[in-house]
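Per-entry structural report
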Amino acid sequence: MSYLAKTDPQIADIIEKERLRQLNGLELIASENLVSRAVLEAMGSVMTNKYAEGYPGKRYYGGCEFHDMAENLARDRLKKLFGAEHANVQPHSGTQANMAVYFAFMKLGEGLMSMKLTQGGHLSHGSPVSFTGQFYKVSQYSLDQKTEMLDYGIVDEMARKEKPRIIVCGASAYPRTIDFKAFQEIADDVGAYCMADIAHIAGLCATGVHPTSVGVTSFTTTTTHKTLRGPRGGAIMCNSEYAQAVDKAVFPGMQGGPLMNTIAAKAVCFEEALRPSFKEYNKQIVKNAKVLADTLMDGGLRLVSGGTDNHLMLIDLTTQGITGLEAETVLGKAGITVNKNTIPNETKSPFVTSGLRIGTPVVTSRGMKEAEMRQIGGWIATVVKDIHNEAVMKDIKMKVAAMAGRFTLYPD
Ligand SMILES: *Cc1c(COP(=O)(O)O)cnc(C)c1O
């Protein structure tokens, strides 16, 4: 940042403060990750200077020969990573990847079926505040009340009744394994498409740590910045029969010029994800999550569904008599960044909530292992059970900084 510090010291100072916040704190937000220096370099490169509307070999602008090479590499690497027949790496975000699939395969007013937001779903799956909730006839399934896990009988029954055009599976706050095959079979039975949105678990799916949806469901959408550990962005994978419709829906359907610096960085990310070490990384994410979950439960906290199979867990704070907002605030004072989250059968507003969502992708990228998870779990339980004790928060904040500062911010 030496050049920026000279030309724009104000923004350079802000970026430096953010770097220190990331370095000295513990980021436990389940949807976040850290990228490598190689990804950062590609994102900060001259690839940002170009308009490249269209696709490799069919651009609407001259001078795209190197952009074609970069996008071809990104597509080929993503296809190899997931064993996909077709990949589109242009969506600017996960939401835009979903928008493109809806736009390609569903008319206005047709049926969209998905998991309820309060049960773990995503805004772009038909929430009334999203265009998806206003343009489509939305029906939403809940989890089993008792187990707080997916019940495929509930999904099947709703699909038969609602006859949706697209059934969405995949979630933002679901700590358990998703059976993509079961979803596709339900969709087949009612003549629907099945779209798996693996935004959160893409890294786990790519490495076999969670069963993959690619080659199983009609479409797979994802973000590239969560467990996949790349630049912020989206991607779509599908069989060749849907390739043309998907590509047309992304451009010119949903977007103009692609972010070519981001696409170059996606290519870098996918190459990193093809290395054996990325599989080890994803295995460690899940190991860390299990140890953290066990530590929290040993500390007297209740987890939704009683644990985790993936990279995240949900703490139900109703037994503690505090809200998600309160817990998020006090943990923030202790240097631990988490987000409040609704839990199944939520009674509070999304700004208050009764839960916390906690994930291990970032701390695992920093190189932390089981021992650190036990330490972190202990700190969280201590703070959450004693939310008016400012001295405890201050003490833990110092310990957090001392521990976190020993770990890298730049995974290989
Ligand atoms: C994060 C997420 C998205 C959206 O990603 P953005 O890039 O923020 O638009 C979509 N679907 C699911 C399930 C997600 O968790």
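Residues numbered from 1 in each chain as written. Predicted model: local features only at pLDDT ≥ 70, side-chain atom pairs only at ≥ 80, totals over all residues. Heavy atoms only, no water.

As for the nonpolar core
- Residues L78, F82, I167 and F183 are the most contacted members of the largest nonpolar core, which totals 56 residues.
- Broken down by element, the residue count for this core peaks at 8 residues, all from helix α11 (residues 260-273).
- Built from parts of two domains, this core gets at least three residues from each of domain 1 (41-273) and domain 2 (279-404).
- One finds L292, I315, V338 and V384 within the second-largest nonpolar core, a separate group that totals 37 residues. (Core = buried A, V, L, I, M, F, W, Y, C linked by side-chain atoms within 4.5 Å. Buried < 20%, exposed > 50% of the residue type's maximum accessible area, 1.4 Å probe, protein only. Helix = DSSP H or I, 4+ residues; strand = E, 2+ residues; numbered from the N terminus. Domains from an automatic or database assignment.)

Description of the pattern of salt bridges
- Tallied over the entire structure, the rule returns 21 salt bridges.
- The closest approach of N and O atoms between R21 and E27, which form a salt bridge, is 3.3 Å.
- For the salt bridge of D395 with K399, the shortest nitrogen-to-oxygen distance reads 2.9 Å. Taken as a pair, D395 and K399 lie in helix α16 (residues 390-404) at a separation of 4 residues, close to a single helical turn.
- Of the residues examined, D395 reaches a relative accessible area of 34% and is grouped as partly exposed.
- When its relative accessible area of 42% is taken as the criterion, K399 is described as partly exposed.
- One salt-bridge network, held together by shared partners, links E18, R21 and E27. (Salt bridge = Lys/Arg side-chain N within 4 Å of Asp/Glu carboxyl O.)

Some details on a nonpolar patch on the surface
- A cluster of nonpolar side chains, namely M1, I11, I14 and I15, defines an oily patch on the protein surface of about 390 Å² accessible area.
- Within the secondary structure, M1 is located in the segment before α1 (2-7). (Patch = residues over 30% accessible without salt bridge, like charges linked within 9 Å, V, L, I, M, F, W, Y side chains within 5 Å. Areas by Shrake-Rupley, 256 points an atom, 1.4 Å probe, with all protein chains shown as cover.)

Section: the sheet that holds strand β14 (residues 339-341)
- Taken in spatial order, the 4 strands make up an open sheet running β11-β12-β15-β14, and their pairing is antiparallel. Looking at strand neighbours, the two that pair on one side only are β11 (302-303) and β14, the edges of this open sheet.
- Helix-sheet contacts for helix α12 (residues 276-298) involve β11, β12 (312-316) and β15 (355-359), and the interaxial angle to β12 is about 15°.
- Contacts from helix α13 (residues 324-333) reach β14 and β15 within the one sheet, and its direction differs from that of β15 by about 45°. (Pairing = 2+ DSSP bridges. Contact = heavy atoms within 4.5 Å. Axes fitted to C-alpha atoms, helices over the stretch in contact; angles between N-to-C directions.)

Structural notes on empty space enclosed by the protein
- Inspection of every chain in the model, using the stated rule, returns 1 cavity of 30 Å³ or more.
- Looking at the largest cavity, its volume works out to about 70 Å³.
- Lining the largest cavity are 15 residues, and of these A171, Y174, I178, H200 and I201 sit closest to its centre.
- A breakdown of the residues in the lining of the largest cavity according to their chemical character gives 7 nonpolar, 6 polar and 2 charged.
- Viewed by domain, the lining of the largest cavity spans two of them, domain 1 (41-273) and domain 2 (279-404), each represented by three or more residues. (1 Å grid on protein atoms, 1.4 Å probe; cavity = no way out; pocket = protein on both sides within 12 Å on 5 of 7 lines; lining within 4 Å. Points joined across faces, edges and corners; volume = space filled by probe spheres on them. Nonpolar A, V, L, I, M, F, W, Y, C, P; charged D, E, K, R; others polar.)

Quick word on the sheet that holds strand β5 (residues 111-115)
- If you trace the 7 strands from one edge of the open sheet to the other, you get β4-β10-β9-β8-β7-β5-β6, paired in mixed fashion. On the outer flanks of this sheet lie β4 (86-88) and β6 (137-141), each paired with one strand and no other. Taken pair by pair, the neighbouring strands of this sheet meet at an average axis angle of 20°, ignoring direction.
- Judged from the 5 bridges that link them, β5 and β6 form a sheet pairing that is parallel. Following the sheet pairing, M115 is matched in β6 by Y141.
- Across the sheet, helix α8 (residues 180-189) touches β6, β7 (166-169) and β8 (193-197), and the angle it forms with β7 is around 170°.

Comments concerning the side chain of S365
- With respect to the secondary-structure elements, S365 resides in helix α14 (residues 361-365).
- At 2.9 Å, the side chain of S365 and the side chain of Y281 are in polar contact.
- Look past the residues within four positions of S365 in its chain and what remains in contact with it is N33, L34, R229, Y281, T408 and P411. (Polar contact = N/O pair within 3.5 Å; in protein donor to acceptor, adjacent residues only side chain to side chain.)

Remarks on the domain arrangement of the protein
- Here the domain parsing of the protein yields domain 1 (41-273) and domain 2 (279-404).
- Distance between the C-alpha centres of domain 1 and domain 2: 28 Å.
- Between domain 1 and domain 2, the residue contacts involve 22 residues of the former and 26 residues of the latter.
- Carbon and sulfur atoms supply 51% of the area that domain 1 and domain 2 bury against each other, a total of about 2000 Å² over both sides.
- For the domain 1 face of the interface with domain 2, the top three residues by lost area are E148, P175 and R176, together amounting to 30%.
- Taken together, the connections running from domain 1 to domain 2 amount to 2 salt bridges.
- Between D309 and R176 there is a salt bridge, with its nearest N and O atoms 2.9 Å apart.
- Taken together, the connections running from domain 1 to domain 2 amount to 13 residue pairs in polar contact (both at pLDDT 80 or more).
- Considered class by class, the residues forming the side of domain 1 that touches domain 2 number 9 nonpolar, 10 polar and 3 charged. (Buried area = accessible area lost by both parts, 1.4 Å probe.)

With respect to the layout of surface pockets
- Reported here for the largest pocket is a volume of approximately 820 Å³.
- Lining the largest pocket are 23 residues, and of these E18, Q22, V35, L40 and Y410 lie nearest its centre.
- A total of 6 residues in the lining of the largest pocket trace back to one element, the largest contributor, which is helix α2 (residues 9-24).
- Within the lining of the largest pocket, the residues separate by chemical class into 10 nonpolar, 4 polar and 9 charged.

Regarding the site of the ligand
- In the vicinity of the ligand, the residues found are S93, G94, T95, H122, A171, S172, D197, A199, H200, T223, H225 and K226.
- Contact between the ligand and G94: an oxygen atom at 2.9 Å from a main-chain N or O atom of the residue.
- In this structure, an oxygen atom belonging to the ligand sits 2.7 Å away from a side-chain N or O atom of T95.
- Classifying every residue of the shell around the ligand by side-chain character gives 2 nonpolar, 8 polar and 2 charged. (Near = heavy atom within 4 Å.)

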